[in-house]
Amino acid sequence: MAFAHDTESALLAAVALANSAEPPDTLETVASLEEFFEEHRYSGSHARTREELDEVRALRPRLRELLTADRDEAVAHVNAMLFEAGALPRLVRHDGWDWHLHAVEPDRPLATRIAVETAMAMIDVIRPDEMSRLGICAADGCAGVVVDLSRNRSRRFCSTTCGNREAVAAYRARQTRT
Ligand SMILES: [Zn+2]
Ligand SMILES: [Zn+2]
């Protein structure tokens, strides 16, 4: 494992959320936010309203900026996000999750909690200078964010769809050459 479990799950969720804004947008309904919430096993308040959806959607460009920033820019984003939310770190244990960090109360809006959780996770990426774990998808024409949590740092694509598409393209290129 590259990082602590809560850091890894927060990074994966933030990347998925940022990438949902790539065309075609996959976070357009309250139901799709519900799916995201379930898939990434969020706890705490969840309004299931259009307003909450709009707040989470509005957070996406900022997450993308943070996840694709260089190290010093990332620090500025993290500090601003923690300050804006009035973050106050504490260790908590709940719902089967062992000790991990929370920095805002569980009744704060979902978008605020995601922002703070991502900022807290990025602290763990910035301090040991592991920014190279984050990058842009290597597939042609894809701008998806990639987080590489693998031991051998082999991940290049944002999704299996992109990985497969590139494999097919590479195969075709080899076929036409011979
Ligand atoms: Zn928690
Ligand atoms: Zn991709």
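These numbers come from a predicted model, not from an experiment.

A look at the overall build of the chain
Okay, step 1: The secondary structure content of the chain amounts to six helices and four strands.
Okay, step 2: Going from N to C terminus, the chain has its helices and strands arranged as α-α-α-α-β-β-α-β-β-α.
Okay, step 3: Rg of the C-alpha trace for the chain: 17 Å, near the compact-globule value of 16 Å for 178 residues, within the 12% margin.
Okay, step 4: Taken along its principal axes, the extent of the C-alpha atoms in the chain is 60 × 40 × 30 Å.

A short note on the coordination of the zinc ion (ligand 1)
Okay, step 1: At the metal site, the zinc ion (ligand 1) is ligated by H94 (NE2), H100 (NE2) and H102 (NE2), and these contacts range over 2.0 to 2.1 Å.
Okay, step 2: In primary sequence terms, the donor set of the zinc ion (ligand 1) follows H-x5-H-x1-H.

Observations concerning the coordination of the zinc ion (ligand 2)
Okay, step 1: Within the first shell, the zinc ion (ligand 2) binds the protein through C137 (SG), C142 (SG), C158 (SG) and C162 (SG), at distances of 2.3 to 2.4 Å.
Okay, step 2: Bound by four donor atoms, the zinc ion (ligand 2) shows angles of 104 to 115 degrees at the metal and therefore tetrahedral coordination geometry.
Okay, step 3: In terms of primary sequence, the donors binding the zinc ion (ligand 2) are separated according to C-x4-C-x15-C-x3-C. You can see C142 sitting in the loop between β3 (134–136) and β4 (145–147) and its partner C158 sitting in the loop between β4 and α6 (160–177), a full 16 residues away along the chain.

Here's the deal with the nonpolar core
Okay, step 1: Among the nonpolar cores identified, the biggest contains 43 residues, and L11, V56, L67, I114 and M122 are the most heavily contacted of them.
Okay, step 2: Of all the elements, helix α5 (residues 110–126) adds the most residues to this core, at 11 residues.
Okay, step 3: Excluding residues within four positions of it along the chain, L67 makes contact with A14, V15, A18, M122, L134 and V145.
Okay, step 4: Core analysis: the second largest hydrophobic core is formed by seven residues, C137, A139, V146 and C158 among them.

Definitions and cut-offs
Residues numbered from 1 in each chain as written. Chains lettered and ligands numbered in written order. Predicted model: local features only at pLDDT ≥ 70, side-chain atom pairs only at ≥ 80, totals over all residues. Heavy atoms only, no water. Helix = DSSP H or I, 4+ residues; strand = E, 2+ residues; numbered from the N terminus. Rg over C-alpha atoms; globule rule 2.2 N^0.38 Å. Donors = N, O, S within 2.8 Å, 3.2 Å for Na, K, Ca; no water. Tetrahedral: all angles 85-135°; square planar, octahedral: opposite > 155°, others 65-115°. Core = buried A, V, L, I, M, F, W, Y, C linked by side-chain atoms within 4.5 Å. Buried < 20%, exposed > 50% of the residue type's maximum accessible area, 1.4 Å probe, protein only. Contact = heavy atoms within 4.5 Å.

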